[in-house]
Each structure stands twice: as structure tokens, then as C-alpha cells.
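If you want the building blocks of each chain, they are given just below.
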Amino acid sequence: MANGLDDLLDDAKKKGSELWSNIKSSGKDKLKIGIQKLNDALPDIEKAGFVLVRLDVDIALLPRLFARFKQVHQISDEEKEAILTKTKKNKFLNFILIGLFKAVEIKGEVKIDSMNLEEIELEIGLTPSAKIIFRREERLKLME
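Note that the coordinates shown come from a computational prediction; the quantities given were computed from them, not determined experimentally.

**Observations regarding the nonpolar core**
And step 1. Residues I45, F50, F69 and I96 are the most contacted members of the largest nonpolar core, which totals 26 residues.
And step 2. At eight residues, helix α3 (residues 91-109) tops the list of elements feeding residues into this core.
And step 3. With near-sequence residues (within four places) excluded, F69 lies in contact with L38, I45, F50, V51, L52, V53, I96, L100, E118, E119, I120 and L122.

**Structural notes on the pattern of salt bridges**
And step 1. As enumerated under the stated definition, the model contains eight salt bridges in all.
And step 2. Between K86 and D44 there is a salt bridge, with the nearest N and O atoms lying 2.9 Å from each other. You can see K86 sitting in helix α2 (residues 77-86) and its partner D44 sitting in helix α1 (residues 2-47), a full 42 residues away along the chain.
And step 3. Note on D44: relative accessible area 14%, which makes it buried.
And step 4. Between D77 and K80 there is a salt bridge; the shortest N-O distance is 3.8 Å. With D77 and K80 both in helix α2 and three residues apart, this pair spans about one turn of that helix.
And step 5. Here the salt bridges share partners, and the residues they tie into one network are R68, E119, E121 and K131.

**Notes on the sheet that holds strand β4 (residues 129-135)**
Within a beta sheet, neighbouring strands are joined by backbone hydrogen bonds and run either parallel or antiparallel to one another.
And step 1. Overall, antiparallel pairing links the four strands, which are arranged β1-β2-β3-β4 in an open sheet. On the outer flanks of this sheet lie β1 (50-58) and β4, each paired with one strand and no other. For this sheet, the mean angle separating the axes of adjacent strands, direction not counted, is 25°.
And step 2. Looking at chain direction, strand β2 (residues 64-71) and strand β3 (residues 116-124) are connected through five bridges and run antiparallel. Across the sheet, the residue bridging to R68 is E121, located in β3.
And step 3. Contacts between α3 and the sheet are confined to β1, β2, β3 and β4, with β3 contributing the most and set at about 150° to the helix.

**Section: α3**
Since the α-helix advances by 3.6 residues per turn, residues separated by three or four positions end up pointing in the same direction.
And step 1. Between the first and last C-alpha of α3 there are 27 Å, a value that for 19 residues agrees with the 27 Å anticipated at 1.5 Å per step.
And step 2. When α3 is considered as a whole, its buried residues turn out to be F92, L93, N94, I96, L97, G99, L100, F101, A103 and V104.

Rules behind the numbers
- Residues numbered from 1 in each chain as written.
- Predicted model: local features only at pLDDT ≥ 70, side-chain atom pairs only at ≥ 80, totals over all residues.
- Heavy atoms only, no water.
- Core = buried A, V, L, I, M, F, W, Y, C linked by side-chain atoms within 4.5 Å.
- Buried < 20%, exposed > 50% of the residue type's maximum accessible area, 1.4 Å probe, protein only.
- Helix = DSSP H or I, 4+ residues; strand = E, 2+ residues; numbered from the N terminus.
- Contact = heavy atoms within 4.5 Å.
- Salt bridge = Lys/Arg side-chain N within 4 Å of Asp/Glu carboxyl O.
- Pairing = 2+ DSSP bridges.
- Axes fitted to C-alpha atoms, helices over the stretch in contact; angles between N-to-C directions.
- Expected span 1.5 Å × (residues − 1).

Structure follows, in C-alpha cells:
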């Protein structure tokens, strides 16, 4: 009986190890694909008035990218509509552009004691989200 349990345990360990290897490989592939998609999207993102200033990669069971953007110039509402229409079939790029445009809209509606919208962080993963980062630059300089 002990051999039967040992065999079952060994079999479960093998299957668990194979499953974990598949999950790790899949996660790594998804990260590579996500980074490549982001890299391919950069020219259109720059046309929309934003530059990528930082990319953080969360290597986990459910991998995520944290892409930080800064607005370098504004485009007209007509240009926004045109770029969103052009990129509609590219859901990845369209999500990024919509997130960036909405963050800039919110910036216009929110005032926080002389703080400026400095960056917009988009989380690209299973549950995408956007974070708006306000900073008071002159106070940061005092801390340095």
C-alpha cells in the first residue's frame, strides 16, 4: 500500500511540476508579447502627444506591465477621434490611448493645491487600470 501512495505522490509531483512549467512559460511568453505590442505602439502613442518614460515589469503568476507616460504636447479633439478610429482594431493600442486621453481629461477637472499631472501609469495585465500621478516639483527638489 505504501508503494501505491508513493507512486501517486510522485505522479502528482510530476504533474504539478509540468503544470507549473507550462504556467511559467505562458507567463513569460505573455510578457514578451505585451512588451513587443507596447514597443510597436510607441509611434502612435507619440503622435497622440505622449512619451513612455518608464516601464516596470511584474514577473508573477499573472504578469503585468506598468507603463508610465508623460504628455509632451496636446492634440485637438479631432486628432484624438481620428487616432482612436484608426487604432480601433488594435485593442491593445486603443486601450492605451483611451486611458491616456481620459487621464488628461481628469487632470483638467481636478486641482490639487498647485500640483501638476506629471505622469500617467497604465497597468497592462489581467485587469487593466490607469493611475494619474500628480507631483509638486518644487517640493521634490527641496528633498534632494
